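# Reading the structure
So you can see what is in the structure, the chains are spelled out below.
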Amino acid sequence: MQDIDFSDARKDGKGFRFPGEFEITAMGSAGADLPVHVPRLLEGHGLHVLHETVRYKQSAGGNYVSVTVSFRAQTRQDYDAAHAVLRADPDIRYTL
């Protein structure tokens, strides 16, 4: 994966601000209990999950589910790690 240059956004006061609260969405198999599994994965990596923000939606066919949750990240590395830990799980197909 190629790194993105955020230097111009930082100069203009745009882009991510750390520490902060961020939202992440993970998609995967409906049978994997992702509404429970996703927050556990993030917490297992030391991230603070805002459990009251967990929401999910099943696909029309019922085979897949998307789970969206907010978490706190102290640094950009924390944010990137959240995506990495979820993408490494075999039950998760991709993250947004």
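Attention in this report is confined to the structure presented alongside it. Everything numeric in this text was worked out from a predicted model, so none of it was measured. (Residues numbered from 1 in each chain as written. Predicted model: local features only at pLDDT ≥ 70, side-chain atom pairs only at ≥ 80, totals over all residues. Heavy atoms only, no water.)

### Considerations on the environment of Phe22
Looking at where Phe22 falls in the secondary structure, it is placed in strand S1 (residues 20–29). A C-alpha to C-alpha distance of 9.8 Å links Phe22 and Val49, two positions 27 residues apart in sequence. Beyond its immediate chain neighbours, meaning those up to four positions away, Phe22 contacts Phe16, Arg17, Val69, Ser70, Phe71, Ala73 and Tyr79. (Helix = DSSP H or I, 4+ residues; strand = E, 2+ residues; numbered from the N terminus. Contact = heavy atoms within 4.5 Å.)

### Some thoughts on the sheet that holds strand S2 (residues 48–58)
Adjacent strands of a sheet form backbone hydrogen bonds with each other and so pair up, either parallel or antiparallel. Ordered by their spatial adjacency, four strands build an open sheet running S2-S3-S1-S4, and the pairing between neighbours is antiparallel. Looking at which strands have only one partner, the edges of the open sheet turn out to be S2 and strand S4 (92–95). The sheet shows a mean angle of 25° between the axes of neighbouring strands, taken without regard to direction. Of the strands in this sheet, S1, S2, strand S3 (64–73) and S4 touch helix H2 (residues 34–44), which is tilted by about 150° from S2. The sheet strands contacting helix H3 (residues 76–87) are S1, S3 and S4, and the helix crosses S1 at an angle near 10°. (Pairing = 2+ DSSP bridges. Axes fitted to C-alpha atoms, helices over the stretch in contact; angles between N-to-C directions.)

### Considerations on the nonpolar core
Ranked by internal contacts, the top residues of the largest apolar core, which has 19 residues, are Ile24, Leu34, Val38, Leu42, Phe71, Leu86 and Ile92. Sorting the residues of this core by element identifies S1, H2, S3 and H3 as the ones contributing at least two each. Among the elements that take part in this core, S3 stands out by supplying five residues, more than any other. Residues within four places of Leu34 in sequence aside, it is in contact with Met27, Gly28, Ser29, Pro39, Val65, Val67, Asp91 and Ile92. (Core = buried A, V, L, I, M, F, W, Y, C linked by side-chain atoms within 4.5 Å. Buried < 20%, exposed > 50% of the residue type's maximum accessible area, 1.4 Å probe, protein only.)

### A closer look at the pattern of salt bridges
Inspection of every chain in the model, using the stated rule, returns three salt bridges. With a shortest N-O distance of 3.2 Å, Arg76 and Asp80 are connected by a salt bridge. Taken together, the residues Arg76 and Asp80, both in helix H3 and four residues apart, mark about one turn of the helix. (Salt bridge = Lys/Arg side-chain N within 4 Å of Asp/Glu carboxyl O.)

### Here's the deal with the pairing of S3
Across the ten residues that make up S3, a large majority, seven, are buried. Two strands pair when backbone bridges link them, and S1 and S3 are joined in this way by ten bridges, in the antiparallel orientation. Looking at the pairing, Ile24 lines up with Val69 of S3. Hairpin connection between S2 and S3: a loop of five residues separates the two successive antiparallel strands, and Gly62 in this loop has a positive phi of roughly 80°.

In short, shape yes, function no, at least from these values alone.
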